[in-house]
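Inside the fold
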Amino acid sequence: MTANAPTTTNDQLPVGYDVPEIRRKSGRMLVTAATTALAVIVLFQTLYSAGASPYGFENWRPVMYAYILWGICVGAGQVMMHGEAGHRALFLLPALLFTIALVIFPTFFGLYIAFTDWNLSAFDPPKFNGWANLKSLMADAYYWNALLNMIYYVLAVGAQYTIAFGLALLLNADIKARKFFRVAFLLPFMLSPVAVSWMIGKSLMEYRFGPISTLARLFGWDNPAFFTTPWIARASIMVMDAWVSIPFIMILLLAGLQALPKEIIEAAKVDGATAWQSFWQITFPLMLPVSVTAVILRIIFELKLADIVINVTSGGPGGATDTVSSFIFREYRDRANVGYGTMLAEFYLVIIIIFVTLLLKLVSGRMRKMT
Amino acid sequence: MRIELYNHFTSMSRRSVLKGAAAVSALSATGALGLSTQAQSQADLRAQILQIPGVGKGQPTDADWQKVGEMCLGATKTNVKEGEFAGVELTFLGLNNQNLHNLLFRGFLKPWETYTGAKINWIDLAQADYGPRLQQAIATGTVDFDIIEMGAPFEGDVCGKGLASEMPDWVKAQIDMDDYVNYLKAPVGTWNGKTYRISIDGDCHNFNYRTDYFSDADLAAAWKAEGHEGDWGVPKTWQKVQEATKFLKGKKVAGQDAYGYLDPIKGWGGFGFYFLGSRATAYAKHPDDKAWLFDADTMKPRINNPAWVRAIQDVIDALPSEPADQLNADPGTTGFSQFLAGTGSMLSWWGDIGSNAKTNDSSVIGDTCGFDILPGSDDVYNAKTGAWDKLASGPNYAPNMAYIGWGVYVMARVDSDPAKQKAAWSAAAHIGGKDISLWCAAYPSGFQPYRNSHFNLAEWVAAGYDEAFIKSYLDSEANSYNHPNAAIEPRIPGIFQYYSAAEDELSKIWAGGSDAQTGANNIAAAWDKITDGIGRDKQIELYKASLGM
């Protein structure tokens, strides 16, 4: 059956023509055949990998090809079954399949790995070991020490925010060479944290020849060792991290400040408000939505802090600067402990999700009260 | 006999034989027979390459490495025709520590590439990234390299899993394997009776010290004045190392703060553990027992026995007398930024300190550096009886054969392609050649002497080395290799997992987070867990094999 006149489908979307039944059936068959073929290939390969079947591929690559082919068949099937609506689905389908392959599947596969004893040096293949990894995690002093450090690092975001706000106000004011300073203050954010680790942590702060150490000696600090005492080492890492991260908060706040309606501030000035009153009573509350966004984003980034720590202190002295990510890095990289390392990572992911959700809830509640 | 000479002799005509006979008669009259000419030309070659760039004439550059590589191509030319590997592409995985290792190999192999027509792609890794990269490639079946620079401790992971190519006989002849020092001969480099490794290094930790410190008259007077036993001199035991380290605290030498022993404290991807090992072997390696790291029959860790705990306690006791930033100093910092740059007076390290002292641009101790085997101990722990023994022969010495040296291995994936296989082995043989290895031992390369022919003092002196300096250095190496109570590292899979786990716990101990015994017990528990995870029975079997039991 063909029809030239535009019609509407069940979901009220106009389409150019109705899809012939034979084409619809062919599309359904194509999708069914492709899905069955993919399922059979996955099943065969799973049984082969588990040692339950003698038939299978040498590696999982053919399964990936089968998945891609299945995706193409599903796309073609959509067009055949739904016509114009199927065409529209094609815009979304590749992104969806890509997300499934690279985000959703790895997350669930990671969960599976987290419950295995997979060690890269082991003679036997990985096997399911129940709650053993989780029990080890609960008793792992290094992990909990790193989590405690994360609390300190996250608290330091408050100081970063305060400095960034000050800089943003400065750059928003009518100062000389404002454009130059805006670019100059943004430079640290453009640098790789690894480069910062070497330039600052391992060069400027080097005990023997580092200029900062030399300066510290001039000020009377006899042994300016920045990474040997727990709290000094932790503070040094925080300073380097802040140096990289403050520009990020600052640029968000600056954008917020520039978007503020100037009339309100001018009206306050006319009413005789002091600079502090104008900031505290007007600018700061108006900036709260931007501030919250900036701080939440920064906290999420902070929870992943690893590169500076790995390069400068390796988590030392005695775990004082260790982060969860740098500990997981060692567990994976140096100890090839894939099963346990993945459990650490998945558990941390759950903690982050819960923490950020609670934080957002708390902040939005407060914001509602204030506005 | 070289193949080209063999071919030459077998293709001679009657006329040429007669001509040759006359020539031999004439030469024999002067004592210049062909073979001695060949030996002479090899000696000339060795002397010539040792002049590139010349000791005390700055650090070698890529141009020098290429020149040495070209001059040492003779052995390759006997087995490979010019252009024979045209179109062959190889991938080489190795290190880039201190801009050495792979960077040298590139230079050495450039003339080889030009001659053979092969092309080499390079994978450069930092020391700390090396083990993980290798483990992942093995475990995930993604070996993407044909030649690898690898240490013997990884042989369990690679050769034990059938991933390496067996060495052809022509390679054994080309590199003259009989020239290796004894401890590098089989079973090192072999697995199930097959040979896989071309040694390019002979690792052990030796003891490096500052001669100016231990001949300083003011320090000698102060030593006496403070009532120490014996004369001020180079410590021969760890007990004396501790005493000297504490004595030097707060003193000055040539106007600089004086320091004694330097302990690398910060982790180094597992490699930092070797340095505690060097402090512990004299306490833990009993001459009547081959094992020292684990009990051989059970793989029960010995890390928490009194010997190891004493070594850990020694570090804790010495730390207050070491430089203020020692807690954040890894082995690289300790060797190169501290000792070679003039900080500290005693250090255990691989032979790189000796080969860099006079040839590295950043070294300031070329004229004040002496060497010995690792210090001994007045008593040694007997793990079987649980008692500390005093040996009738005096202090117990047990040099730490840390890492057993770098080698070059060819991966089994080239075996299916004969041209690629020959090319890979030829490239490996070129950088593991007898003459090129002498140059590597004499200049900054990351490798130390490992052949009997490397201990010919005259060659080093002719190259420009001070005789007393080089004798001290070579003796420390040779006496370590040949020591009857040397502590041999186990070649078992996952050895760096053990070392890395230990580094984490040691870091806590050094920072005062736990005492020596508690920390050692934690390491032992972590090691037991690793052994169970990898497979205890198999580990016991391999550990015993690696100790020759």
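As the structure is a computational prediction, the values presented were derived from the model and not from experiment.

Thresholds applied
- Residues numbered from 1 in each chain as written.
- Chains lettered and ligands numbered in written order.
- Predicted model: local features only at pLDDT ≥ 70, side-chain atom pairs only at ≥ 80, totals over all residues.
- Helix = DSSP H or I, 4+ residues; strand = E, 2+ residues; numbered from the N terminus.
- Rg over C-alpha atoms; globule rule 2.2 N^0.38 Å.
- Buried ≥ 20, exposed ≤ 12 C-beta atoms within 10 Å, placed from the backbone.
- Contact = placed C-beta atoms within 7 Å.
- pLDDT = per-residue confidence, 0-100.
- Pairing = 2+ DSSP bridges.
- Axes fitted to C-alpha atoms, helices over the stretch in contact; angles between N-to-C directions.
- Domains from an automatic or database assignment.
- Nonpolar A, V, L, I, M, F, W, Y, C, P; charged D, E, K, R; others polar.
- Core = buried A, V, L, I, M, F, W, Y, C linked by C-beta atoms within 7 Å.
- Parallel < 35°, antiparallel > 145°, perpendicular 65-115°, else oblique.
- Left-handed = near helix turned anticlockwise from the far one by under 90°.
- Arc of directions from axis to C-beta.

1. Section: the overall build of chain A
- The helix and strand inventory of chain A stands at 14 helices and two strands.
- The C-alpha radius of gyration of chain A comes to 29 Å, more than 25% above the 21 Å expected for a compact globule of 371 residues.
- Principal-axis analysis of the C-alpha atoms places the extent of chain A at approximately 85 × 65 × 40 Å.
- Counting over 371 residues, chain A shows a buried share of 29%.
- Within chain A, contacts between residues at least 6 apart in sequence are counted, and of these 64% link residues at least 24 apart.

2. Quick look at the environment of Leu542(B)
All names here are of chain B.
- Its place among the elements puts Leu542 in helix H23 (residues 536-546).
- For Leu542, a count of 22 C-beta atoms within 10 Å translates into the label buried.
- With residues near it in sequence (within four places) discarded, Leu542 still touches Gly156 and Ile492.

3. Some points on the environment of Tyr481(B)
- Mapped onto the secondary structure, Tyr481(B) falls in helix H20 (residues 467-481).
- C-alpha separation for the pair Tyr481(B) and Lys119(B), spaced 362 residues apart in sequence, amounts to 36 Å.

4. Structural notes on the confidence of the model for chain B
Residue and element names in this part refer to chain B.
- Within chain B, residue pLDDT values average 90, and 93% of them lie at 70 or more.
- In this model, residues 1-34 is a region of pLDDT below 50 whose contacts with residues beyond four sequence positions or in other chains number 11 contacts.
- Both scores are given for the predicted complex: the pTM is 0.82, the ipTM 0.79.

5. Focus on the sheet that holds strand E3 (residues 147-151) of chain B
Residue and element names in this part refer to chain B.
- Read across the open sheet, the five strands follow the order E2-E1-E3-E15-E6; overall the sheet is mixed. Lying at the two open borders of the sheet, with one neighbouring strand each, are strand E2 (119-125) and strand E6 (197-199). Strand after strand, the sheet turns through a mean of 25 degrees between neighbouring axes, direction not considered.
- Along the sheet, helix H17 (residues 418-431) contacts strand E1 (89-95), E2, E3, E6 and strand E15 (406-410); its crossing angle with E15, the most-contacted strand, is approximately 165 degrees.

6. Observations regarding unusual backbone geometry
- A cis amide bond links Ile52(B) to the next residue, Pro53(B), at an omega of -10 degrees.
- Looking at the element boundaries, Pro53(B) is found in the loop between helix H3 (34-49) and helix H4 (62-71).
- Across the junction of Ala186(B) and Pro187(B), the peptide omega takes the value 15 degrees, indicating a cis bond.
- For Ala336(A), which is not a glycine, the phi torsion comes out positive at approximately 50 degrees.
- Structurally, Ala336(A) is set in the loop between helix H13 (324-333) and helix H14 (338-370).
- The class for Ala336(A) is buried, based on 29 C-beta atoms found within 10 Å.

7. Structural notes on the domain arrangement of chain A
Residues and elements named next belong to chain A.
- We note that the domain assignment places domain 1 (7-114) and domain 2 (136-370) within chain A.
- A C-alpha centroid distance of 43 Å is found between domain 1 and domain 2.
- The interface of domain 1 with domain 2 comprises four residues on the first partner and five residues on the second.
- For the side of domain 1 that touches domain 2, the per-class residue count stands at three nonpolar, one polar and no charged.

8. Some details on the interface of chain A and chain B
- Facing the 27 residues of chain A at the interface are 33 residues of chain B.
- Here the side of chain A that touches chain B is built from residues that sort into 11 nonpolar, 10 polar and six charged.

9. Focus: helix H18 (residues 434-442) of chain B
- Burial runs high along H18(B): eight of the nine residues are buried.
- Within H18(B), burial applies to Asp435(B), Ile436(B), Ser437(B), Leu438(B), Trp439(B), Cys440(B), Ala441(B) and Ala442(B).

10. Notes on the domain arrangement of chain B
All names here are of chain B.
- Domain annotation of chain B identifies domain 1 (62-199 + 406-446) and domain 2 (206-402 + 485-546).
- Of note, the centres of domain 1 and domain 2, computed from C-alpha atoms alone, are 31 Å apart.
- With 18 residues of domain 1 in contact, the opposing surface of domain 2 contributes 20 residues.
- Here the residues of the side of domain 1 that touches domain 2 sort into nine nonpolar, seven polar and two charged.

11. Brief notes about the nonpolar core
- Ranked by internal contacts, the top residues of the largest apolar core, which has 214 residues, are Ile147(B) and Ala428(B).
- Counting residues per element, this core draws most heavily on helix H5 (residues 141-172) of chain A, at 12 residues.
- In contact with Ile147(B), other than residues within four places in its own chain, are Leu90(B), Phe92(B), Val408(B), Val410(B), Ala424(B), Ala427(B) and Ala428(B).

12. Focus on the packing of helix H12 (residues 238-248) of chain B against helix H14 (residues 306-318) of chain B
Residues and elements named next belong to chain B.
- One way to put it is that H12 packs onto H14 with a least axis distance of 10 Å and a crossing angle of 15 degrees. Taken as axis vectors, H12 and H14 run roughly parallel relative to one another. For the element pair H12 and H14, the recorded crossing hand is left-handed. Residue-level inspection shows Trp238, Gln242 and Thr245 of H12 in contact with H14, the latter providing Asp314, Asp317 and Ala318.

13. Remarks on the sheet that holds strand E7 (residues 206-210) of chain B
Residue and element names in this part refer to chain B.
- One open sheet holds the three strands; their spatial order is E10-E7-E11, and the pairing between them is antiparallel. Either end of the sheet is taken by a strand with one partner, and the two such strands are strand E10 (346-349) and strand E11 (369-372). Going from strand to strand, the sheet's axes swing by 30 degrees on average, the running direction of each strand aside.
- For E7 and E10, the ladder comprises four bridges, and the chain directions are antiparallel. When the bridges of E10 are listed, Asn208 appears paired with Leu347.

14. Concerning H23(B)
Residues and elements named next belong to chain B.
- Residues of H23 that are buried include every one of Gln539, Leu542, Tyr543 and Ser546, and no others. Buried residues of H23, viewed axially, fall in a sector of 105 degrees; they line one side.
- Looking at the buried positions of H23, the neighbouring elements they touch are helix H8 (155-158) and helix H22 (516-534).
- Positioned one or two residues after H23, Gly548 has a phi angle of 70 degrees, which is positive.

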